[in-house]
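Residue-level structure breakdown
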Amino acid sequence: MSNVKVAVIYYSSTGTNYKMAKWAEEAAKEAGAEVKVLKVAETVPESVMESNPAWKQHYEETKHVPEVSLDDLEWADAFIFSVPTRFGNVPAQFKSFIDTTGGLWFNGKLANKVVSAMTSAQNPHGGQEQTILSLYTTMHHWGAIVASPGYTDPVLFAAGGNPYGTSVSVDQDGNMIEDVEAAVKHQAKRTITVASWVNQGQQ
């Protein structure tokens, strides 16, 4: 699987999805993939972040993480997305980036990319499944190949059993309620496995 290039692309306001992205990176490297961890650019003014100290702190702590570019999308064989839910959909920051990909889509540069997605919310029924499915709708337009985890490993049940992608609930203090690390790592490795199959099939 050493020929697989994977971009782990996340948006995180207070750190949950960044942590999930880092677990995915760890698993992808263990699987032999070439990995980039990339963040979606923050679009709110810093004055808005000032109202939430955890948001401002995470923003400062992750300034070293490179922002995702269209070149990264073209480079990667596979994408692992990690974004929080916002009213049952992806955050505006993430959508803003996706809306810049029309040129790549038009030229067929996003077809046959292997994708998988993860999310978080403040409660188990806060739109987690819908957020992932909304993201996958865009991936279908790209002509991408969705590698959802399904129920391919028992660790998924311990993490809440979301077949579309790992999702986690977060309490008021920002702590993850379910233990999802193993599920994230399984999902990452499965994504890379599927990407390796696709790469082999296109050779």
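As a convention, each chain's residues are numbered from 1 in the sequence order in which they are written. Since the coordinates come from a predicted model, pLDDT governs what is reported: local features require at least 70, and pairs of side-chain atoms require 80 or more to be given and counted, while whole-chain, interface and lining totals use all residues. The side-chain quantities take in all heavy atoms of the structure and omit both hydrogens and water.

**What to know about the packing of aromatic side chains**
Heads up, the condition is: Note on aromatic pairs: the rings of Phe, Tyr and Trp (six-membered ring only in Trp) are paired at centre separations within 6.5 Å, and the planes decide the class, stacked below 30 degrees, edge-to-face beyond 60, tilted for the rest. Buried residues are those whose accessible area, probed at 1.4 Å on protein chains only, stays under 20% of the maximum for their type, while exposed residues exceed 50% and partly exposed ones sit between those limits. Charge-over-ring placement is defined geometrically: NZ (Lys) or CZ (Arg) within 6 Å of the ring centre, and within 35 degrees of the ring normal.
Enumeration according to the criterion identifies five aromatic pairs in this entry. Relative to Tyr 18, the ring of Tyr 10 lies with its centre 5.2 Å away and its plane at 50 degrees, an arrangement referred to as tilted. Here the two residues Tyr 10 and Tyr 18 agree in accessibility, since each one is buried. Judged by centre distance (5.8 Å) and plane angle (40 degrees), the ring pair of Phe 79 and Phe 81 falls under tilted. You can call Phe 81 buried: its relative accessible area is 1%. One aromatic cluster in this structure is built from Phe 79, Phe 81, Phe 94 and Trp 142. One Lys or Arg, Lys 36, reaches over the ring of Trp 75 and ends 4.3 Å from the middle of that ring.

**Structural notes on the packing of helix α1 (residues 16-30) against helix α9 (residues 181-202)**
Put simply, the rule is: Fitting a line to C-alpha atoms yields each axis, with helices limited to the stretch in contact; the angle taken between N-to-C directions then spans 0 to 180 degrees. The numbering of helices and of strands both runs from the N terminus, where a helix is a DSSP run of H or I of at least 4 residues and a strand a run of E of at least 2. Relative orientations are named as follows: roughly parallel for angles under 35 degrees, roughly antiparallel for angles over 145 degrees, roughly perpendicular for angles from 65 to 115 degrees, and oblique for any other angle. By definition, turning the near helix anticlockwise from the far helix through less than a right angle yields a left-handed crossing, and turning it clockwise yields a right-handed one. By definition in these notes, contact holds between two residues if any of their heavy atoms fall within 4.5 Å. Gly is placed with the polar residues, together with every amino acid not listed as nonpolar (Ala, Val, Leu, Ile, Met, Phe, Trp, Tyr, Cys and Pro) or charged (Asp, Glu, Lys and Arg).
Relative orientation of the contacting elements α1 and α9 amounts to 50 degrees, with a least axis distance of 8 Å. Accordingly, the angle class assigned to the pair α1 and α9 is oblique. The handedness of the crossing between α1 and α9 is right-handed. Counting all contacts with α1, which are made through Met 20, Trp 23, Ala 24, Glu 26, Ala 27, Ala 28 and Glu 30, the residues of α9 involved are Glu 181, Val 184, Lys 185, Ala 188, Lys 189 and Ile 192. Looking at the contact of α1 with α9, its residues break down into eight nonpolar, no polar and five charged.

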